[in-house]
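# Survey of secondary and tertiary structure
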Amino acid sequence: MNESEPYLPQEVRDGLARARDRDRRRSGGRLRVQVGDTWYPILRYDETGFEVALQTAPKLRGLVEIHEGPRFLRSVLIVATEPVGDAMRYVFKRATAARTSPPLDYERPSDEPLGYLTSR
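Everything numeric in this text was worked out from a predicted model, so none of it was measured. (Residues numbered from 1 in each chain as written. Predicted model: local features only at pLDDT ≥ 70, side-chain atom pairs only at ≥ 80, totals over all residues. Heavy atoms only, no water.)

## Points about the pairing of strand β5 (residues 71-84)
The criterion, for reference: When DSSP finds two or more bridges between a pair of strands, those strands are recorded as paired. Helix and strand definitions here come from DSSP, where helices need a minimum of 4 consecutive H or I residues and strands a minimum of 2 consecutive E residues; each element is numbered from the N-terminal end.
Pairing geometry for strand β4 (residues 62-68) and β5, over seven bridges, is antiparallel. Each residue of the ladder has a partner; that of Glu 65, found in β5, is Ser 75. Connecting the antiparallel pair β4 and β5 is a turn made up of two residues, with Gly 69 showing a positive phi of about 65 degrees. For β5 and strand β6 (residues 87-97), the ladder comprises nine bridges, and the chain directions are antiparallel. Looking at β6, one finds that Ile 78 is bridged to Phe 92. Hairpin connection of β5 to β6: two residues between the antiparallel strands, including Gly 85 at a positive phi of 65 degrees.

Pasting the structure below:
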């Protein structure tokens, strides 16, 4: 159950879940997990883990990558917990976010200017 929907009747929550699944199947879903050269669509994702359909993915474990479309999001170390309906829940033991800049080979001085003004 989604935490933002506890006040809704069960029939409405079920209808919303069916609509989300239908839209996810139609769009193919943007979030996916990469294990080696194989990709699996992610059904649900949060900061503690994700869920993958039981019938499409084997039992996953170890170091995997999470992508949103072509964009790399993070590298995660996962363990399987338990099936949740027709999906398997995986939790993060470690999650490393993607870097937006290359790592530095040296320490930057704290008094270094952030930028320079150009002359005309």
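## Re the pattern of salt bridges
Note the cut-off: Put simply, a salt bridge is a Lys or Arg side-chain nitrogen that is within 4 Å of an Asp or Glu carboxyl oxygen.
As enumerated under the stated definition, the model contains four salt bridges in all. The shortest N-O distance in the salt bridge between Glu 47 and Arg 74 comes to 3.5 Å. Placement of the pair is Glu 47 in the loop between β2 (38-46) and β3 (49-53) and Arg 74 in strand β5, with a sequence separation of 27 residues. A salt bridge links Arg 71 to Glu 68; the nearest nitrogen and oxygen atoms lie 2.6 Å apart.

## Overview of the confidence of the model for the protein
Counted only if it meets this: For every residue, the predictor states its confidence as a pLDDT score lying anywhere from 0 to 100.
With 89% of its residues at a pLDDT of 70 or more, the protein shows a mean pLDDT of 82. Within the protein, the element-level pLDDT minimum falls on helix α1 (residues 10-27), averaging 74, and the maximum on β4, averaging 92.

## Overview of the sheet that holds strand β1 (residues 31-35)
Heads up, the rule is: For helices, the axis comes from a line fit to the C-alpha atoms of the stretch in contact; other axes are also lines fit to C-alpha atoms, and the angle between any two N-to-C directions lies between 0 and 180 degrees.
In space, the six strands of this closed barrel follow the order β1-β2-β3-β6-β5-β4, with antiparallel pairing throughout. With strand direction ignored, the average angle separating the axes of adjacent strands in the sheet is 45 degrees. When β3 meets β6, the two strands line up antiparallel, connected through five bridges. For Gly 49, the partnering residue across the bridge sits in β6 and is Val 91.

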